[in-house]
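Each chain, letter by letter, is given below.
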Amino acid sequence: MKKAVIFGEYKLARILPVLRDRGVSDVVVYSAVEFDGFDVEVRKLGLDWTGGDVLDVLLDERPDVAIANPYAHGQEQLPLAYGEAAAKWDGRFLAHGAAFAGVACDKVTLHETAVARGWPVPEGAVCADAARLEDTVRELGFPVVLKEARSQAGSGRFFVDSAASLGGALEGGLDFPVIVQRYQQGSEYGVELVSSGDAQVRWPVASLGSLDTGLDPSFRARAMPAALPQRAAASLERLIADIEANFAPFGPWQIDFAVVDDELCLLELNARLGGLSDLGRVATGTDPHVVFAGLALGDGLPAVAQRMPAIELPSTETGQPLPESPADSNLMTVTARTPTNRCFVGTDHMQVNVTSADDTETKAWIGRLFGAGLLRCSVESAERQLDRARETFETEVRR
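How each quantity is defined
Residues numbered from 1 in each chain as written. Predicted model: local features only at pLDDT ≥ 70, side-chain atom pairs only at ≥ 80, totals over all residues. Heavy atoms only, no water. Core = buried A, V, L, I, M, F, W, Y, C linked by side-chain atoms within 4.5 Å. Buried < 20%, exposed > 50% of the residue type's maximum accessible area, 1.4 Å probe, protein only. Helix = DSSP H or I, 4+ residues; strand = E, 2+ residues; numbered from the N terminus. Contact = heavy atoms within 4.5 Å. Pairing = 2+ DSSP bridges. Axes fitted to C-alpha atoms, helices over the stretch in contact; angles between N-to-C directions. Parallel < 35°, antiparallel > 145°, perpendicular 65-115°, else oblique. Nonpolar A, V, L, I, M, F, W, Y, C, P; charged D, E, K, R; others polar. Right-handed = clockwise from strand over helix to strand, strands pointing away. Salt bridge = Lys/Arg side-chain N within 4 Å of Asp/Glu carboxyl O. 1 Å grid on protein atoms, 1.4 Å probe; cavity = no way out; pocket = protein on both sides within 12 Å on 5 of 7 lines; lining within 4 Å. Points joined across faces, edges and corners; volume = space filled by probe spheres on them.

Student: What exactly am I supposed to notice about the nonpolar core here?
Tutor: It is characteristic of soluble globular proteins that their nonpolar side chains tend to be buried jointly. Counting residues in each nonpolar core, the largest one holds 26 residues, and the members touching the most others are Phe100, Trp119, Ile255, Phe257 and Leu269. Sort the elements by how many residues they give to this core and helix α9 (residues 230–247) lands first, with six residues. Residues within four places of leucine 269 in sequence aside, it is in contact with Phe100, Val103, Ala104, Leu110, Trp119, Ile243, Trp253, Gln254 and Ile255.

Student: In this structure, what is going on with the sheet that holds strand β5 (residues 92–94)? I would like to understand it.
Tutor: Two modes of strand pairing occur in sheets, parallel and antiparallel, and in both the strands are linked by backbone hydrogen bonds. On the basis of which strands lie adjacent, the open sheet formed by five strands has the order β3-β2-β1-β4-β5 and parallel pairing. Strands with a single pairing partner mark the edges of an open sheet, and in this sheet they are β3 (41–44) and β5. Each strand axis lies, on average, 20° off the axis of its neighbour in the sheet, ignoring direction. Judged from the three bridges that link them, strand β4 (residues 65–68) and β5 form a sheet pairing that is parallel. In the strand pairing of β5, isoleucine 67 is matched with leucine 94. Its contacts with the sheet put helix α11 (residues 288–296) on β4 and β5, and the angle it makes with β5 is roughly 160°.

Student: Even after reading the chapter, I still don't get the packing of helix α4 (residues 78–86) against helix α5 (residues 98–105), so can you show me in this structure?
Tutor: When two helices pack together, their arrangement is given by the angle between the helix axes and by the axis-to-axis distance. α5 packs onto α4 with a crossing angle of 170° between their chain directions and a minimal axis gap of 8 Å. By the criterion of interaxial angle, the relationship of α4 to α5 is roughly antiparallel. Facing α4, whose interface residues are Pro79, Leu80 and Gly83, α5 presents Ala98, Ala101, Gly102 and Cys105. Of the residues assigned to the contact of α4 with α5, the class counts are five nonpolar, two polar and no charged.

Student: It is not clear to me how the packing of α5 against helix α6 (residues 107–117) should be interpreted in this structure. Could you clarify?
Tutor: Look at α5 against α6: their axes get within 5 Å of each other, and the N-to-C directions meet at 105°. With respect to α6, the axis of α5 lies roughly perpendicular. Side by side, α5 and α6 meet where Gly102, Val103 and Cys105 of the first sit next to Lys107, Thr109, Leu110 and Thr113 of the second. Classifying every residue of the contact of α5 with α6 by side-chain character gives three nonpolar, three polar and one charged.

Student: What should I look at first to understand the pairing of strand β2 (residues 26–31) in this one?
Tutor: The side chains of a regular strand alternate between the sheet's two faces. Across the six residues of β2, five count as buried, placing the element largely inside the fold. Of the strand pairs in this sheet, strand β1 (residues 3–7) and β2 are connected by five bridges, and their pairing is parallel. Along β2, the bridge assignment pairs lysine 3 with aspartate 26. For the crossover from β1 across helix α1 (residues 12–21) to β2, the handedness is right-handed. Across four bridges, β2 lies against β3 in parallel orientation. Residue pairing in the sheet places valine 28 in a bridge with glutamate 41 of β3.

Student: How do you make sense of the pattern of salt bridges when you look at a structure like this?
Tutor: Opposite charge on two side chains makes pairing possible when the charged atoms of those side chains draw close. This model, assessed by the stated rule, comprises 23 salt bridges. For the salt bridge of arginine 14 with aspartate 287, the shortest nitrogen-to-oxygen distance reads 2.8 Å. With arginine 14 in helix α1 and aspartate 287 in the loop between α10 (277–284) and α11, the pair connects residues that are 273 residues apart, well separated along the chain. Take arginine 14: its relative accessible area is 11%, and that puts it in the buried class. The class of aspartate 287 is buried, set by a relative accessible area of 7%. One connected set of salt bridges, linked through shared partners, spans Lys11, Arg14, Asp278, Arg281 and Asp287.

Student: Could you clarify how one ought to interpret empty space enclosed by the protein in this entry?
Tutor: Over the atoms, a rolled probe matching the size of one water molecule traces out where space is still vacant. Summed over all chains, the structure comprises five cavities of 30 Å³ or more. What the second largest cavity holds in volume is close to 80 Å³. Lining the second largest cavity we find 14 residues, and of these Ala68, Leu94, Ala95, His96 and Ala271 sit closest to its centre. Within the residue set of the lining of the second largest cavity, elements represented by two or more residues are α4 and β14 (251–260). The dominant element in the lining of the second largest cavity, judged by the number of residues it contributes, is α4, at three residues. Its residues placed into classes, the lining of the second largest cavity shows ten nonpolar, three polar and one charged.

Student: Sorry if this is basic, but what is going on with the sheet that holds strand β7 (residues 144–148) here?
Tutor: Strand order in the open sheet formed by four strands is β6-β9-β7-β8, and the pairing between neighbours is antiparallel. Only two strands of the sheet have a single partner each, and these edge strands are β6 (124–127) and β8 (157–160). With direction set aside, neighbouring strand axes in the sheet form an average angle of 20°. Bridge count for β7 against strand β9 (residues 178–182) is five bridges, and the pairing is antiparallel. Residue pairing across strands places lysine 147 opposite isoleucine 179, the latter belonging to β9. Across the sheet, α6 lies against β6, β7 and β9, angled at about 135° from β6, the strand it touches most. Strand contacts of helix α7 (residues 130–140): β6, β7 and β9, with the helix running at about 170° to β6, the strand carrying the most contacts.

Structure representation (structure tokens):
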């Protein structure tokens, strides 16, 4: 292979070495943002592209391999276009097909599919207009969560706990159809996977902390591995098996779910890697983006195993150095201001991932991070997450 076209700039620094090592000398990146420094040709990615637009690019570029590499900010619906183009392209294109992209990129389709197939989702309904929305909210009772069918990460979701907040959401101009679901009070989890059609690899389940009314897990400490109650774990296995058998994901994907009273409740599917890929890399030593790039080139999927408990801390990028890291630790920082990270947009948000053999030292370091004004969650919540990850690692991973 000599030429690759990558649709999307996300985590490019971790994908390019795989291509270079395999002799791919000509790389064209269709990007939503401007950047330089990677010795690649950068061209503009249209955020409103259709499958026809993507197919035109493929016909013009004639790559040996094409890779769909979307991220959430502005690119959440592009897998629909990639899947449509992949079905018409006779070359190698690592992209999810239309069936999986449809349930992952459209929350209405996901909810309706889940109800039809018996996937556990919050009680709710699809609302085509404001009148139906108000009726459904009265039936369910407050609080509820509103989700626009096709929205980007961090937008299109609203916590509604009163008639006043419902009125505010309507006045803000909801994009119908909208899903109305009963608000779940429990713990949030996520798992990232890469599927090849006949095989699958997944990273350990991560705890995203307790669900909150802000609907934003990026402000909570996350930890890996996380233990699930037996019923929730069995439900997750059934869900993954059904998705693999009937929707055939091809590439990276992610499941976001809650556990409420020991039962799994599906919140979202995403047709991409996202906020857990850095934590997964630190925790296991196996980089999801490297596996993803290798699959695009025809590699098999490796085994993934947790090597140490890991915690991801929401932090602030101020330009000042972090406190000295714990002894014998593995520290990784991810900043919003690096264009190809694209983890957050237009913020000073930074994620800090760390593993350490000594939890006492790690907790002391978390305290120093807080003391420096760099921690966006409470010290106590971070320590709880670390303790749970350690317990899971010792009782379920090492045994």
